[in-house]
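Fold and geometry: a report
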Amino acid sequence: MYNYKLHDVARQKAEKSKGRIQSWLVCAIVLILIASLIILYLKNRNQKNLLQLHIALETIDKLKNDIDSIDYKAEDSNLDVKVLREKLLANIGKLDGSTRIDVPISILQSQVYTTLQDYIYQKKGISDNNDIWTELETVVLSSSPNFKKYVLALSNGSISSSDYRTALLIKCNISPTNMSYLFHLTRTSINSRRTSLSKKLFGELMNPKLSDELIRSL
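Each chain carries its own residue numbering, running from 1 in the direction its sequence is written. Local features in this predicted model are restricted to residues of pLDDT 70 or higher, and side-chain atom pairs are both shown and tallied only at a pLDDT of 80 or more, whereas totals for entire chains, interfaces and linings draw on every residue. Calculation of side-chain values draws on the structure's entire complement of heavy atoms; hydrogens and water are dropped beforehand.

Side note on the overall build of the protein
- Secondary structure elements follow DSSP: runs of H or I of four or more residues count as helices, runs of E of two or more count as strands, with numbering from the N terminus. Assigned secondary structure in the protein consists of 10 helices and zero strands.
- Along the chain direction, N to C, the helices and strands of the protein fall in the order α-α-α-α-α-α-α-α-α-α.
- Looking at the 218 residues of the protein, the share that counts as buried comes to 34%.
- Here a residue-residue contact requires only that any non-hydrogen atoms of the pair lie within 4.5 Å. Of the contacts made within the protein by residues no fewer than 6 positions apart, 67% connect residues no fewer than 24 positions apart.
- To measure how exposed things are, a 1.4 Å probe is used in the Shrake-Rupley method; for residues, cover is taken only from the protein chains shown. Counting every atom, the protein has about 13,600 Å² of accessible surface; 56% of that belongs to carbon and sulfur. Exposed residues in this analysis have more than 50% of their type's maximum accessible area, buried residues have under 20%, and partly exposed residues fall in between, with area computed by a 1.4 Å probe over protein chains only.

Notes on the pattern of salt bridges
- Salt-bridge detection follows one rule: a side-chain nitrogen of Lys or Arg within 4 Å of a carboxyl oxygen of Asp or Glu. Evaluation of the coordinates by the stated rule reveals five salt bridges.
- Among the ionic pairs, D163 bridges to K200, the shortest N-O distance being 2.5 Å. Placement of the pair is D163 in helix α7 (residues 161-171) and K200 in helix α9 (residues 187-202), with a sequence separation of 37 residues.

A few points about the side chain of R165
- Position of R165 relative to the elements: it lies in helix α7.
- A polar side-chain atom of R165 sits 2.9 Å from the main-chain carbonyl oxygen of D128.
- Residue contacts for R165: discarding those within four places in its chain leaves D128, W133 and F183. Under the rule applied, a polar contact is a pair of N or O atoms within 3.5 Å (in protein, one hydrogen donor and one hydrogen acceptor; residues adjacent in sequence only if both atoms are side-chain atoms).

Regarding the confidence of the model for the protein
- Mean pLDDT over the protein stands at 75; residues scoring 70 or higher make up 56%.
- Each residue carries a pLDDT score, the predictor's confidence in it, ranging from 0 to 100. With pLDDT under 50 throughout, residues 70-77 is counted as low confidence; its partners more than four residues away or in other chains account for 15 contacts.

A word on the packing of aromatic side chains
- Only Phe, Tyr and Trp rings take part, Trp by its six-membered ring, and two of them pair if their centres are within 6.5 Å. Stacked means planes under 30 degrees apart, edge-to-face means over 60, and tilted covers everything else. Within this structure, the stated rule accounts for two aromatic pairs.
- With a centroid separation of 5.6 Å and 10° between ring planes, the pair formed by W133 and F183 is classed as stacked. Linking W133 in helix α5 (residues 131-143) with F183 in the loop between α8 (176-182) and α9, this pair joins segments that are 50 residues apart in sequence.
- Of the residues examined, F183 reaches a relative accessible area of 14% and is grouped as buried.
- Ring centres of F147 and Y164 lie 6.5 Å apart, and the angle between their planes is 35°; on these two criteria the pair is classed as tilted. One end of the pair, F147, is in helix α6 (residues 147-155); the other, Y164, is in helix α7, and 17 residues separate them in sequence.
- Given a relative accessible area of 0%, F147 falls into the buried group.
- Given a relative accessible area of 11%, Y164 falls into the buried group.
- We call a charge positioned above a ring when the Lys NZ or Arg CZ atom is no farther than 6 Å from the ring centre and deviates by at most 35 degrees from the ring normal. A cation over a ring is seen here: R193 above F183, with NZ or CZ 4.4 Å from the ring centre.

Describing α7
- Burial runs high along α7: nine of the 11 residues are buried.
- All of the buried residues in α7 are D163, Y164, R165, T166, A167, L168, L169, I170 and K171.
- Contacts made by the buried residues of α7 are with α4 (111-122), α5, α6, α8, α9 and α10 (208-217).
- N173 occupies a position one or two residues after α7 and carries a positive phi of about 60°.

Some details on the environment of L185
- In this fold, L185 is placed in the loop between α8 and α9.
- Along the sequence, L185 and G125 sit 60 residues apart, while their C-alpha atoms lie 8.6 Å from each other.

Focus on the packing of α6 against α7
- Note on method: axes are straight lines fitted to C-alpha atoms, helices fitted across the in-contact stretch only, with angles between N-to-C directions ranging 0 to 180 degrees. In contact at an axis separation of 11 Å, α6 and α7 are set at 125° when each is read in the N-to-C sense. As summarised for this structure, α6 and α7 are arranged oblique, according to the angle between their axes. The handedness of the crossing between α6 and α7 is right-handed. Contacts from F147, K148 and V151 of α6 reach α7 at Y164, A167, L168 and K171. These descriptions rest on fixed angle ranges, namely under 35 degrees for roughly parallel, over 145 for roughly antiparallel, 65 to 115 for roughly perpendicular, and the rest for oblique. Each crossing gets its handedness from the near helix: less than a right angle anticlockwise from the far helix is left-handed, clockwise is right-handed.

Shown next, in the form of structure tokens:
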């Protein structure tokens with residue numbers, strides 16, 4: 001005799017199994033759609049950021065050229081410099097840290113850069129009155145003639161010698177750890193100095209990596 005009860009139980013199990021499979025398929029499809037949307041969003045956002053970055057860098061270059069036309073001195077309170085500084089900072093704010101500013105080859109191939117690497121290798125500090133600082137500034141200004149002018153303009157002339165030397169090392173892509181050797185300071189002290197420098201130049205605390213890239217772009 002045919003057992004209808006067993007048949008009904010088997011049918012119910014089959015339906016439940018089918019239902020679970022369908023549910024899993026629906027969940028999988030939803031997850032795939034969500035992942036696709038996220039990928040599209042990130043792709044579009046990156047393209048938008050790259051476009052904004054390109055526009056910002058072009059504007060910064062124009063503003064830097066405008067600053068070049070002004071004979072800026074640390075004690076000068078020229079309103080034009082202040083206005084240009086505000087515009088430069090406004091466009092710098094559009095950058096998102098995704099760019100990389102390469103160190104000029106003339107710096108990397110210089111004798112003073114090699115000397116810096118020797119000091120770093122030996123974990124030796126450089127005294128304030130060492131001629132290396134003057135040589136380093138000369139090399140940096142040979143590739144970026146108005147680097148000091150930009151630093152002075154952004155800081156309104158309020159930058160200290162130690163801050164300026166830190167900016168020179170950042171321009172040469174010297175890491176915070178290696179800076180701690182050259183300045184004979186702790187890594188914590190170097191981070192504090194970089195934070196202070198960022199505040200003086202850009203008027204706000206920002207991601208250290210972004211701040212370093214901005215300094216290298218000057």
